[in-house]
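Next come the chains, spelled out residue by residue.
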Amino acid sequence: MFGRRKSKTEEARTTYFSVGIISVNELNDDQYEAWTDELMDAAENVGSTTSLIQASWDEEQLKILIKRFPEVEMNETFFIINEIIHEDIEKEIKLLEQKHKWKKFFNTIPLTDYIDAEDRVVLDASKTLFCTNDVQEAAGFLKNRLEG
């Protein structure tokens with residue numbers, strides 16, 4: 001059976017979210033995929049998921065989360081949910097390109113630098129809307145945002 005395709009205006013009204021999965025140790029691919037699938041199946045508003053090891057994440061970002069979400073156990077895997085704001089990503093990329101004008105001119109800025117710039121925006125702890133240790137709670141938050 002064919003599904004109804006969303007119109008561009010429906011897609012424009014949809015708010016998309018980024019989910020950061022922050023773990024103490026390296027996640028295996030199967031666990032990451034299982035959680036990602038569970039979150040994406042719960043709601044159609046997940047724009048991206050990112051897995052990070054807590055030790056490699058900016059310590060200041062972690063301090064912000066500890067202060068904002070004291071009920072979340074930071075010594076276990078936790079999930080952060082941020083709204084994806086494309087204008088903020090574009091600003092961060094523009095800053096990156098201004099910082100490396102010659103690399104931009106010769107088109108030699110590595111793709112990883114662009115990905116890091118995007119991650120800085122979508123994983124900004126000061127803009128985190130929801131943080132939890134429970135994947136079902138994260139899925140419920142996303143589902144509620146889709147419906148409401």
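What you see is a predicted model; the values in this text were computed from it and never measured.

Cut-off values and rules
Residues numbered from 1 in each chain as written. Predicted model: local features only at pLDDT ≥ 70, side-chain atom pairs only at ≥ 80, totals over all residues. Heavy atoms only, no water. Pairing = 2+ DSSP bridges. Helix = DSSP H or I, 4+ residues; strand = E, 2+ residues; numbered from the N terminus. Axes fitted to C-alpha atoms, helices over the stretch in contact; angles between N-to-C directions. Contact = heavy atoms within 4.5 Å. Salt bridge = Lys/Arg side-chain N within 4 Å of Asp/Glu carboxyl O. Buried < 20%, exposed > 50% of the residue type's maximum accessible area, 1.4 Å probe, protein only. pLDDT = per-residue confidence, 0-100. Expected span 1.5 Å × (residues − 1). Arc of directions from axis to C-beta. Parallel < 35°, antiparallel > 145°, perpendicular 65-115°, else oblique. Left-handed = near helix turned anticlockwise from the far one by under 90°. Nonpolar A, V, L, I, M, F, W, Y, C, P; charged D, E, K, R; others polar.

Some remarks on the sheet that holds strand S1 (residues 17-23)
- With mixed pairing, 4 strands are arranged side by side in an open sheet as S2-S1-S3-S4. Single-partner strands in this sheet number two, and they are strand S2 (46-53) and strand S4 (130-132). For this sheet, the mean inter-axis angle between neighbouring strands, taken without regard to orientation, is 15°.
- The pairing of S1 with strand S3 (residues 78-83) spans 6 bridges and is antiparallel. In the strand pairing of S3, Phe17 is matched with Glu83.
- In this fold helix H2 (residues 29-42) packs onto S1, S2 and S3, with an angle of close to 155° to the strand it touches most, S2.

Observations regarding the pattern of salt bridges
- Under the defined criterion, the tally for this structure stands at 5 salt bridges.
- For Lys63, the salt bridge identified is with Glu59, shortest N-O distance 3.9 Å. Of this pair, Lys63 and Glu59 both sit in helix H3 (residues 59-68), 4 residues apart, which is roughly one turn of the helix.
- Given a relative accessible area of 43%, Lys63 falls into the partly exposed group.
- Notably, a salt bridge pairs Glu60 with Lys63, separated by 3.6 Å at the nearest N-O pair.

A few points about the confidence of the model for the protein chain
- With 91% of its residues at a pLDDT of 70 or more, the protein chain has an overall mean of 90.
- Highest mean pLDDT in the protein chain belongs to S4 (98); lowest belongs to helix H1 (residues 8-13) (54).
- Across residues 1-7 the pLDDT falls below 50, and counting only partners more than four positions away or on other chains, this stretch makes 4 contacts in the model.

Notes on helix H7 (residues 135-147)
- Here H7 spans 18 Å end to end across 13 residues, near enough to the 18 Å set by a 1.5 Å rise per residue.
- Along H7, the positions that sit buried rather than exposed are Val135, Ala138, Ala139, Phe141 and Leu142. The buried residues of H7 all sit within an arc of 155° when viewed along its axis, so they share a single face. In H7, those exposed residues whose orientation departs by more than 90 degrees from the buried face are Asn144 and Glu147.
- At its buried positions, H7 is contacted by S1, H2, S2, S3 and S4.

Focus on the packing of H2 against H7
- Close contact between H2 and H7 brings their axes to 8 Å; oriented N to C, the two are set at 30°. Compared by their axis directions, H2 and H7 come out roughly parallel. When the axes of H2 and H7 are compared, the crossing they make is right-handed. Within the contact between the two elements, H2 uses Trp35, Glu38, Leu39 and Ala42 and H7 uses Val135, Gln136, Ala138, Ala139, Leu142 and Lys143.
- Of the residues assigned to the contact of H2 with H7, the class counts are 7 nonpolar, 1 polar and 2 charged.

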